[in-house]
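Letter by letter, the chains look like this.
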Amino acid sequence: MAKNLLIVESPAKAKTIEKYLGKDFTVKSSYGHIRDLDKGNKGISIDRDFEPHYVVSPEKKKVVSQLKSEVKKADEVWLATDEDREGEAISWHLCQELGLDIDQTKRIVFREITKPAIQKAIQNPRRVDQNLVNAQQARRILDRLVGFELSEVLWRKVKNKLSAGRVQSVAVKLIVEREREILAFETVPYYKVSALFEVLDKDGRKSELKAELTDKLKDEKAVQAFLELCKNAVFQIENIEVKPTQRKPAPPFTTSTLQQEASRKLGFAVKRTMSTAQRLYEQGLITYMRTDSMALSNTAIGAIADHIVSAYGEHYHQVRKYKSKSGAQEAHEAIRPTYMDRIVVSDNRDQQRLYELIWKRTIACQMANAKLEKTNVDISISTMKDRSLRASGEVLKFDGFLKVYMESKDDDEEEDNKGILPPLSIGQVLTLDLIKATQRFTRPPSRYTEAGLVKKLEELGIGRPSTYAPTITKIMEEARGYVIKEKREGRSREYKEFVLTPSGKVESQELTEMTGAISNRLVPTDIGKIVTDFLDKHFDSIMKYGFTAEIEKQFDKIADGKRGWKEMIRDFYSPFHGSVEKTLEHAERAKGQRILGTDPKTGHQVFVTLTRFGPVIQIGTREEVGEEGKPRFANLQPGMSMETVTFEQAMELFKLPRTVGQFEEKDVEIGAGRYGPYVKFDGKFVSLPKGMDPMQIELDQAIELILQKRKEDEPIGTYEDLPITKGKGRFGPFLKWNGMYVNVNKKYDFDNLTLDEAHELIKAKVEKEANRYIKQWPKEKIALENGRWGPFIRFKKKSIKIPRAKGELLDPEVLKQWTLEEVQKIIAAAAK
């Protein structure tokens with residue numbers, strides 16, 4: 001029997017560490033956090049100075065039981081959770097729940113999972129750092145207080161099932177402000193002038209020289225005047241400036257820069273980057289992946305140097321020591337490979353690609369500067385003393401770190417691509433081939449990508465490395481509906497081009513280009529905008545970027561032992577709670593209402609507003625239509641916004657539904673609903689493909705869609721003599737059998753799903769449903785059900801919590817004996 005029990009939070013990490021420790025150690029995993037604050041307002045006793053009440057998560061009770069059993073067998077317990085505040089908190093919770101003495105239990109930390117690092121950590125144990133635990137407790141408690149109380153306000157003043165949070169609401173605000181900045185941007189046209197010259201070298205060989213006017217031309221009139229003066233001009237080289245320059249490598253990765261570069265180079269979303277990095281870390285392939293430090297250990301610097309000298313030569317090596325920025329959390333290292341001689345580490349494509357990115361960046365940061373020679377050539381125009389053209393070139397003299405790696409730029413940063421210039425001399429007269437003025441347009445700032453948002457959050461000091469990915473995931477959850485990741489095709493735009501040919505003739509032409517196309521950019525929804533405006537109005541201090549950053553500094557002070565966590569919570573909560581109560585009592589319901597015009601048929605007001613079903617166009621207020629009448633409603637179509645929809649667009653929506661003809665002696669109707677336009681036939685709905693205009697669709701197109709849907713809905717077989725059909729819905733592919741919908745997960749190839757696989761899925765769903773209900777009253781639409789967090793009451797579409805007995809969940813066997821009257825009493829109490 002092993003004398004020592006070492007507990008980590010990840011089973012993959014446990015497996016790797018177990019290889020490095022001898023038979024005296026048993027390594028077990030807690031599978032992350034074992035407990036959290038209790039649900040709702042029971043999690044924090046505000047009247048007892050914010051005393052937290054932690055409970056073991058239902059899905060972790062078995063894990064805790066197993067760990068308790070292992071603790072009894074061991075002579076000594078070691079805690080080896082991650083070396084950050086969250087990891088420290090997990091160790092503290094393990095001590096509390098497993099009955100370990102916090103002052104005696106050994107806590108070890110390491111930044112990489114390698115044999116030397118683990119053995120060194122075992123030789124240098126410490127105790128759980130209560131200051132780090134308190135900083136994490138403060139974050140969790142503050143975020144629960146803010147989230148719980150703000151969410152209640154939103155449910156009552158905006159729309160139910162919404163949520164808010166200290167960091168997530170500020171992140172949404174950034175996206176909303178950027179969107180409004182884009183919408184308010186006024187595009188200004190201008191002309192960019194470029195010239196092409198023919199140059200002969202000393203041997204009479206021809207080459208081209210491209211130059212650009214150093215300033216922009218305002219309009220067509222300025223272009224015509226400029227080109228007229230160019231007709232008889234002499235173009236002569238006035239000055240040649242050659243200067244050496246150097247380019248430095250980027251520092252090694254932090255969490256933020258890894259997320260940004262993986263987005264640019266690999267197209268990874270933030271969550272994908274972090275989950276892949278987590279797996280690499282747990283396998284002992286990279287150092288800890290949640291860090292804001294750029295420092296490298298001396299051992300790592302030495303190993304990198306050996307590889308560079310061996311692979312590329314001494315002249316490619318340059319020692320660099322990067323300093324962490326002020327306040328970098330817990331003095332981690334940068335993200336780097338644990339062994340520099342390992343280049344291929346995994347058959348998993350994501351893991352290998354991300355590892356290569358980390359490896360190259362780490363190697364490059366210890367390599368010599370790239371040396372370049374930049375040349376700028378100024379070309380005078382004899383007929384215009386106040387204007388000149390410039391040609392620029394660049395020659396790479398020594399590649400240095402560029403041999404391995406070059407940092408990418410964001411889409412909205414212009415690449416400076418300069419080629420090599422032909423041999424030139426001052427005073428040389430150039431032969432004009434052509435000169436061209438192309439109409440360009442000023443551009444608004446780009447919408448954020450996930451990685452771009454992380455960069456902005458870091459710049460503003462909002463959040464920490466461990467919070468970036470969860471924040472972005474949270475604001476994009478479909479249940480909240482604040483932000484979506486959008487792809488837009490763009491639209492066609494005309495532009496002009498004027499060309500002065502060698503014959504002295506000015507020719508013009510109108511051309512077209514695509515503009516406004518976006519891919520994987522973050523766009524706020526109408527709900528996101530309304531919630532942001534409401535919180536900004538009533539909770540302006542919390543929504544200030546500086547305030548959120550200041551809270552992070554307070555957490556840092558707690559972590560350093562310079563401030564008590566309860567004191568910090570007290571100072572925050574009193575004014576915050578006062579704002580909550582004031583808002584609940586006095587604030588009007590937020591609807592985002594905007595009047596668009598008057599309906600010509602009825603004279604009633606036409607406006608856009610937010611209802612409990614989402615944004616709609618409404619014709620007629622309750623007062624206008626009277627007690628007998630009803631307002632008319634139309635859902636906004638995908639791509640429409642409450643802030644930009646026009647009266648004309650709104651009135652078009654009321655032309656639906658429309659009947660386009662008959663098929664099989666039944667009407668074919670085109671309409672629009674919450675999820676977009678559709679064809680309705682024989683009581684069934686067929687969604688219109690993306691880009692198909694519901695106002696333009698004809699009968700033959702509608703019939704084609706109906707027949708296509710029929711084919712898709714044909715049974716693929718039977719189960720217990722009932723047909724099985726396939727379909728794709730909002731939440732992905734599914735099977736339908738006996739009125740039951742069965743989700744088909746990614747493990748299966750939906751397009752080539754076999755009948756045996758369909759039977760397997762249906763059987764599993766039937767068994768799951770059989771275990772779902774404890775007791776049912778179908779007539780009253782009431783049921784007692786088993787849920788993820790224990791039994792609960794289902795009343796119509798609502799879930800109602802069952803009160804605990806002496807702090808414990810009630811057993812399903814006890815609940816089977818409950819009467820309808822007993823259940824109805826709980827429903828009535830919950831309604832109050």
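The shown structure was predicted, so the numbers you read here are calculated from the model rather than taken from an experiment.

Caption draft 1: Spatial organisation of the nonpolar core. Ranked by size, the top nonpolar core spans 149 residues in total, and within it Leu6, Phe110, Leu354 and Ile617 carry the most contacts. If you tally residues by element for this core, the top one is helix H5 (residues 130-157), at 11 residues. With 28 residues, the next largest nonpolar core counts Tyr191, Ala211, Leu227 and Cys230 among its residues.

Caption draft 2: Focus on the sheet that holds strand S7 (residues 76-79). The parallel open sheet is built from 4 strands, whose spatial order is S2-S1-S7-S8. Two strands bound the open sheet, and with one partner strand each, they are strand S2 (25-29) and strand S8 (106-107). The pairing of S7 with S8 spans 2 bridges and is parallel. Paired with Trp78 across the bridge in S8 is Lys106. Against the sheet, helix H1 (residues 11-20) engages strand S1 (4-8) and S2, with an angle of about 165° to S2.

Caption draft 3: Broad picture of helix H15 (residues 545-559). With 15 residues, H15 extends 22 Å from end C-alpha to end C-alpha; this agrees with the ideal 21 Å at 1.5 Å per step. Residues of H15 that are buried in the fold lie against helix H3 (85-98), H5, helix H6 (168-184), helix H12 (450-460) and helix H16 (565-586). Just beyond H15, the residue with positive phi is Gly561, at close to 75°.

Caption draft 4: Representation of the packing of H5 against H16. Closest axis-to-axis distance for the H5/H16 pair is 11 Å, and the angle between their directions is 0°. When the axis of H5 is compared with that of H16, the two are roughly parallel. On the side of H5, the interface is formed by Asn134, Gln137, Ala138, Ile141, Leu142, Leu145, Val146, Glu149, Leu150, Val153, Arg156 and Lys157, while H16 contributes Trp565, Met568, Ile569, Phe572, Tyr573, Phe576, His577, Val580, Thr583 and Leu584. When its residues are assigned to classes, the contact of H5 with H16 shows 15 nonpolar, 4 polar and 3 charged.

Caption draft 5: View of the pattern of salt bridges. Counted under the stated rule, the structure contains 49 salt bridges. Among the salt bridges present, the one from Arg85 reaches Asp556, with a minimum N-O distance of 2.6 Å. In this pair, Arg85 is assigned in helix H3 and Asp556 in helix H15, connecting sequence segments 471 residues apart. The residues Arg85 and Asp556 share a single accessibility class, namely buried. Here Arg563 makes a salt bridge to Asp571, at a shortest N to O gap of 2.3 Å. One network of salt bridges, with partners in common, ties together Glu9, Lys13, Asp82, Asp84 and Arg290.

Caption draft 6: Looking closely at unusual backbone geometry. For the peptide bond that leads from Leu656 to Pro657, omega is 0°, which places it in the cis range. Along the chain, Pro657 falls in the loop between helix H18 (647-653) and strand S23 (658-663). For Asp682, which is not a glycine, the phi torsion comes out positive at approximately 55°. If you trace the backbone, Asp682 turns up in the loop between strand S25 (676-681) and strand S26 (684-687). For Asp682, a relative accessible area of 46% puts it in the partly exposed group.

Caption draft 7: Focus on a positive patch on the surface. Together, Lys39, Lys42, Lys61, Arg788, Lys801 and Arg804 make up a region of like positive charge exposed at the surface. Checked against the element boundaries, Lys42 lands in the loop between strand S3 (35-37) and strand S4 (44-45).

Caption draft 8: Highlighting the side chain of Thr525. Counting through the fold element by element, Thr525 comes out in the loop between strand S18 (518-524) and helix H14 (526-538). The class of Thr525 is buried, set by a relative accessible area of 18%.

Rules used in this analysis
- Position labels on residues start from 1 in each chain and follow its written sequence.
- With pLDDT at 70 or above as the cut-off, local features in this predicted model cover only qualifying residues; side-chain atom pairs require 80 or more to be listed or tallied, and sums for whole chains, interfaces and linings still use all residues.
- Calculation of side-chain values draws on the structure's entire complement of heavy atoms; hydrogens and water are dropped beforehand.
- Working definition of a nonpolar core: buried Ala, Val, Leu, Ile, Met, Phe, Trp, Tyr and Cys residues. They are joined through side-chain atoms within 4.5 Å.
- Accessibility here uses a 1.4 Å probe with only protein chains present; expressed as a share of the type maximum, an area under 20% marks a residue as buried, one over 50% as exposed, and anything in between as partly exposed.
- Elements are defined by DSSP. Helices are runs of H or I of four residues or more, strands are runs of E of two residues or more, and each kind is numbered from the N terminus.
- Pairing between strands is defined by DSSP: at least two bridges between the two strands are required.
- Working rule for contacts: check all heavy atoms of both residues, and any pair within 4.5 Å makes them a contact.
- A fitted line through C-alpha atoms serves as each axis, taken over the contacting stretch for helices, and the angle formed by two N-to-C directions is quoted from 0 to 180°.
- Given the number of residues in a helix, its expected span is that number minus one, multiplied by 1.5 Å.
- Oblique is the label for every angle not falling under 35 degrees (roughly parallel), over 145 degrees (roughly antiparallel), or within 65 to 115 degrees (roughly perpendicular).
- For this classification, the nonpolar set comprises Ala, Val, Leu, Ile, Met, Phe, Trp, Tyr, Cys and Pro, the charged set comprises Asp, Glu, Lys and Arg, and every other residue, Gly included, is treated as polar.
- By definition, a salt bridge exists where a carboxyl oxygen of Asp or Glu is found within 4 Å of a side-chain nitrogen of Lys or Arg.
- Patch building starts from residues that exceed 30% relative accessible area and form no salt bridge, then joins like charges within 9 Å and nonpolar side chains (Val, Leu, Ile, Met, Phe, Trp, Tyr) within 5 Å.
- Note on areas: these come from Shrake-Rupley sampling with a 1.4 Å probe, and a residue is covered only by the protein chains present in the view.
- The sign given to each residue is positive for Lys and Arg and negative for Asp and Glu; His and the chain ends receive no count.
- Here the site of a charge means NZ on Lys, CZ on Arg, CG on Asp, or CD on Glu.

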